[in-house]
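One-letter residues, chain by chain:
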Amino acid sequence: MSAIFESVHYIYPSKVHALRGVSLEFRPGELVALMGENGSGKTTLLKHINGLLKPVKGRVIVEGIDTRTASVAQLSQVAGLVFQNAEEMFFESNVFDEVAFALRNFGYSEEVVRKRVEWALKFFELDTYSSQSPFLLSGGEKKRLAMAIILAWSPRIICLDEPTIGQDSLQKEKMKHMIKMLNTQGRTVLLATHDVEFVAELRPRVILLSKGEVVADGKCEEILTDETLVKKASILMPQLVYAFKRLEDLGFDSRVLDVDDGVRQVLKVLRHESV
Amino acid sequence: MSLFEGLRFRPGTTFVHRLDPRVKLATSTMVLITAVIHIDIVIILFLLMLESLVILSAKVQNLWIKTIRGALPLVAIVFAITFFSQYSREPVISTGLGYALTYSLRLLVFLSSFSLFFLTTTPDEIALTLQQLRVPYEYTFAFVSAIRFTPVMAEELQVVLDAQRARGLEVDKGPFTKRLRNLIPVLVPLLVNVIRRSYELAEAMEVKCFGASRKRTSLKQLNMRRKDIFFLVVVLILFSVGVSVKLLGLEPVKTLPLLGQFFPD
């Protein structure tokens, strides 16, 4: 298993009970979306994976390591976390050094650092900005740089906190493509997001959280089309689901998550009628 | 981080909370002046004891302890610097320790006096105090905004710290110089955020016509009551005694032979 949560409870110093007995298992190479309203515990859950937060009760095992016994630096090598606001990690004068910072912290040789940075920048289409200040990049580029920073040391688990926030549709498309590529490479990718349309296109395993508890865990097609479950987590279903729900009386199946599904459904009904 | 806890107002209904903010500010200033003019462990301990009594009556002792805990590294630095500079001038350990302890406790007196003021005074009361002391409103606003944003900055500091720890930065590891260098990745993003926030705040204030009217009026006015005047008189008497002791050269370190050994002139 990539990560195991065993009855994890977490209470912030402000007395907010953010996680209430969460038990989950993330398998290697899985793509998982954690969804739920603000304050449902998505980010808190992600922060437990690289040890930034330690459970007050229960335990978290990441790649066989009990997070209570390991430092953040040790855990970060296997589980990288990309923060919601990318700029919160920038401080170097150029993009190259920004990506190299963590690699140097982990003790890689300069030759390895150079190779890995070049690869990560190329992967995220940032190689042309290598000597530019990270603060001068656009919003989408900053987000990609934050991902390049984490990917540079190839963690087996990648946690993305609200990857689409503040991104235009083109950047979202690029982000989707990159997440798919990372997942295809066999990495476990965990996303914490509200963006149902984005999740619908990625088709991950979906975990719905509400008030620190898991309210649903299963296939994207089953969860995001279930009105009761989605309401419980205070999110909305993808727009196509709403549209096809209205057409159910005409023989349409409402479990439609993206345009391809929709077209297939329409063609199926049209063909059936023409016969 | 917990150092900032002492700058955050906590609502309360105690006598200290209800005191006129001008009286509280005057008290904090007088405590500060007394601590500055005296390098005398007895007087510093006396000030600390008085402050503790007021802190206990204001029921903010837990937050005060948090602030002091947060300030301990700073206190340790002051202790070490004072000890070594004193020891280099006069290589007597007891003298070095005596002065180091006095300077460290003096820092605690400074922190406690302002912590007490900020813990028991609302930002609005601080603004009113400064306004009635005829401080231009622009400066008052800037000062009060700085206080209001302290907890926000503390939260941001935590986020930045988490982000850098997730990149393998170990702030608490290594020798002192390395630890100082490790602060750069934390301070730069924080500074960038602060500058950005100040621009945003300036724009938001301009949109809301800040400064359009020169004549500002306040809904609430500060009025001294009998208990405020009584408290101020007591503090003034104590302050006068403290200053007189200094002017007349009657400090305990000079008059008590046992202490004199630790604090030669």
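Worth saying up front: this structure is predicted, and the values here are computed from it rather than measured.

Residue and element names in this part refer to chain A. Taken in spatial order, the six strands of this open sheet run 6-7-8-3-9-10, and their pairing is mixed. Of all strands in the sheet, those with a lone pairing partner are strand 6 (79-82) and strand 10 (213-219), marking the two edges. The average undirected angle you get between the axes of adjacent strands in this sheet is 15°. One ladder, built from five bridges, connects strand 3 (residues 31-35) with strand 8 (residues 188-193); its direction is parallel. Following the sheet pairing, Met35 is matched in strand 8 by Thr193. Of the strands in this sheet, strand 3, strand 7 (157-161) and strand 8 are in contact with helix 6 (residues 169-184), which crosses strand 8 at around 150°.

In this section: the environment of Pro55 of chain A. Tracing the sequence through the fold places Pro55 of chain A in the loop between helix 1 (42-49) and strand 4 (57-62). Along the sequence, Pro55 of chain A and His9 of chain A sit 46 residues apart, while their C-alpha atoms lie 5.7 Å from each other.

Bringing the interface of chain A and chain B into the picture now. Counting residues at the interface gives 21 residues for chain A and 18 residues for chain B. Looking at the side of chain A facing chain B, the largest losses of area belong to Glu88, Phe91 and Phe101 of chain A, adding up to 31% of the total buried there. One can count three salt bridges joining chain A with chain B. In this structure, Glu87 of chain A and Arg196 of chain B form a salt bridge, with 2.4 Å as the shortest nitrogen-oxygen distance. On inspection of chain A and its partner chain B, the count reaches six residue pairs in polar contact (both at pLDDT 80 or more).

Residues and elements named next belong to chain A. Along its 14 residues, helix 4 (residues 110-123) runs 20 Å from first to last C-alpha, staying within 8% of the 20 Å computed at 1.5 Å per residue. Taken as a whole, helix 4 has its buried residues at Val113, Val117, Ala120, Leu121 and Phe123. Down the axis, helix 4 shows its buried residues gathered within 155° of arc, on one side only. Opposite the buried face of helix 4, by more than 90 degrees, sit the exposed residues Lys115 and Lys122. In this fold, the buried residues of helix 4 make contact with helix 3 (95-105), helix 5 (139-151) and helix 6. Just beyond helix 4, the residue with positive phi is Glu125, at close to 55°.

What follows covers the nonpolar core. Residues Phe26, Ile49 and Ile179 of chain A are the most contacted members of the largest nonpolar core, which totals 89 residues. When residues no more than four places from it in sequence are discounted, the contact partners of Phe26 of chain A are Met1, Ser2, Ala3, Phe5, Val32, Leu34, Leu45, Ile49, Thr188, Leu190, Arg205 and Ile207 of chain A. Grouped together as the second largest cluster of nonpolar side chains are 22 residues, Val16, Val31, Ile55 and Ile68 of chain B included.

Our focus in this paragraph is the environment of Phe106 of chain A. With respect to the helices and strands, Phe106 of chain A occurs in the loop between helix 3 and helix 4. Since its relative accessible area comes to 15%, Phe106 of chain A is described here as buried. A sequence separation of 16 residues divides Phe106 of chain A from Phe90 of chain A, and the C-alpha atoms of the two residues are 18 Å apart. If near-sequence neighbours (up to four positions away) are discounted, Phe106 of chain A is found in contact with Ala73, Ser76, Gln77 and Trp153 of chain A together with Arg167 and Gly168 of chain B.

Here we take up the domain arrangement of chain B. Residue and element names in this part refer to chain B. The assigned domain composition of chain B is domain 1 (1-121) and domain 2 (142-227). Between the C-alpha centres of domain 1 and domain 2 there is a distance of 23 Å. Listed by partner, the interface residues are 12 residues for domain 1 and 12 residues for domain 2. Roughly 1200 Å² of surface becomes buried between domain 1 and domain 2 when both sides are summed, with 73% attributable to carbon and sulfur atoms. On the surface where domain 1 and domain 2 come into contact, there are zero salt bridges.

On to the side chain of Ser210 of chain A. All names here are of chain A. Within the fold, Ser210 resides in strand 9 (residues 205-210). The buried category is assigned to Ser210, whose relative accessible area is 11%. Excluding its chain neighbours within four sequence positions, the residues that come into contact with Ser210 are Glu37, Ser40, Val215, Lys232 and Ala233.

A word on the pairing of strand 3 of chain A. Burial within strand 3 of chain A is extensive, with five of its five residues counted as buried. Residues Leu31, Ala33 and Met35 of chain A point to one face of strand 3 of chain A and Val32 and Leu34 of chain A to the other, with burial holding for every one of them.

This paragraph deals with the pattern of salt bridges. Side-chain pairing between opposite charges can occur once the charged atoms of the two side chains come close. Summed over the entire model, instances satisfying the criterion amount to 29 salt bridges over all chains. Of the charged contacts, one joins Glu201 of chain A and Lys176 of chain A as a salt bridge, the two residues approaching to 2.6 Å between their closest N and O atoms. Remark: Lys176 of chain A occurs in helix 6 and Glu201 of chain A occurs in helix 7 (residues 196-202); sequence separation between them is 25 residues. Given the relative accessible area of 34%, Glu201 of chain A is considered partly exposed. For Lys176 of chain A, a relative accessible area of 11% gives the class buried. Arg165 of chain B is the partner of Asp162 of chain B in a salt bridge, and the nearest nitrogen-oxygen pair spans 3.6 Å. With a gap of three residues between them, Asp162 of chain B and Arg165 of chain B both fall in helix 7 (residues 137-165), about one helical turn apart.

Before going further, it helps to examine the packing of aromatic side chains. Residues and elements named next belong to chain A. Per the stated rule, a full pass over the model turns up 16 aromatic pairs over all chains. Note on Phe244 and Phe252: the rings are 5.6 Å apart at their centroids and 75° apart in plane angle, and the pair reads as edge-to-face. Each member of the pair, Phe244 as well as Phe252, carries the same accessibility label: buried. Each member of the aromatic cluster is reached from another via a ring pair, and the members are Trp119, Phe123 and Phe124.

The rules behind each value
Residues numbered from 1 in each chain as written. Chains lettered and ligands numbered in written order. Predicted model: local features only at pLDDT ≥ 70, side-chain atom pairs only at ≥ 80, totals over all residues. Heavy atoms only, no water. Pairing = 2+ DSSP bridges. Helix = DSSP H or I, 4+ residues; strand = E, 2+ residues; numbered from the N terminus. Axes fitted to C-alpha atoms, helices over the stretch in contact; angles between N-to-C directions. Contact = heavy atoms within 4.5 Å. Buried area = accessible area lost by both parts, 1.4 Å probe. Salt bridge = Lys/Arg side-chain N within 4 Å of Asp/Glu carboxyl O. Polar contact = N/O pair within 3.5 Å; in protein donor to acceptor, adjacent residues only side chain to side chain. Expected span 1.5 Å × (residues − 1). Buried < 20%, exposed > 50% of the residue type's maximum accessible area, 1.4 Å probe, protein only. Arc of directions from axis to C-beta. Core = buried A, V, L, I, M, F, W, Y, C linked by side-chain atoms within 4.5 Å. Domains from an automatic or database assignment. Phe/Tyr/Trp six-rings, centres within 6.5 Å; stacked < 30°, edge-to-face > 60°.

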